[in-house]
Amino acid sequence: MIAFEELAQRLAPDLAFLRVGDFFNLRARGAMVQLLQNRDELRAEFMPSRPLSDEETRWLSTAGWDAPRRGRRTWLHSYAWPLTAAAARDLAWNLAVAARSFVAVDIAGFEYDARNYDTWEPITVSALADLPRVADDNEPRSRGSAPYCHEGSPQTRR
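Residues numbered from 1 in each chain as written. Predicted model: local features only at pLDDT ≥ 70, side-chain atom pairs only at ≥ 80, totals over all residues. Heavy atoms only, no water.

Q: How should I be thinking about unusual backbone geometry in this particular structure?
A: Apart from glycine, the bulk of residues carry a negative phi angle, and the bulk of peptide bonds sit in the trans form. Cis geometry marks the peptide bond from Trp-81 to Pro-82; its omega dihedral reads 5°. Take Pro-82: it is sitting in the loop between β4 (75-80) and α3 (85-103). The backbone of Trp-120 sits at a positive phi, close to 65°, despite the residue not being glycine. (Helix = DSSP H or I, 4+ residues; strand = E, 2+ residues; numbered from the N terminus.)

Below you can see the structure in the form of structure tokens.
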């Protein structure tokens, strides 16, 4: 099994190949980090499964994550598209650190899903190949249904 640092290194180049509408998420224990490819940005999302401490919220804010809006629990971190190489490395690192710090300490506890919102077809993200993939239900989610559709996703903006 790969380490989080290796995941971040492998993930950065994969980000250049995402198409509009592609997303992937890493989840464990009811929490999740997700990445959505929109027309003009890549949007990272983090949904905790528990309340965060003041220290944790300060860390997320310092790392560039936007706090959830009132009534929501999703932290957001947007990157302008197309990404520079430095932005891709930063984004991949932020996802890996959030996953390790707030979702599950052991990468072996994760599973992932990777799809295109418009077609609902599975996509390949080579950096995630060592992790178990969520069982393919082949059914598109309705608009706004978690864990696939959050603020700013292609489905919520149609």
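Q: Explanation requested: the pairing of strand β5 (residues 111-116) in the structure shown.
A: In regular strands, side chains alternate between the two faces of the sheet. When you tally the buried positions in β5, you get five out of six residues, the bulk of the element. Where strand β1 (residues 22-28) lies against β5, six bridges are found, and the strand directions are antiparallel. Across the sheet, residue Phe-24 finds its bridge partner in β5, namely Ala-114. (Buried < 20%, exposed > 50% of the residue type's maximum accessible area, 1.4 Å probe, protein only. Pairing = 2+ DSSP bridges.)

Q: Any chance you could explain helix α1 (residues 4-14) here in plain terms?
A: Side chains three or four residues apart in an α-helix point the same way, a direct result of the helix having 3.6 residues per turn. Taken residue by residue, α1 has Phe-4, Leu-7, Ala-8, Leu-11, Ala-12 and Asp-14 as its buried positions. Buried residues along α1 cover an arc of 155° about the axis, so they all sit on one side. Where α1 is buried, its residues meet β1 and α3. (Arc of directions from axis to C-beta. Contact = heavy atoms within 4.5 Å.)

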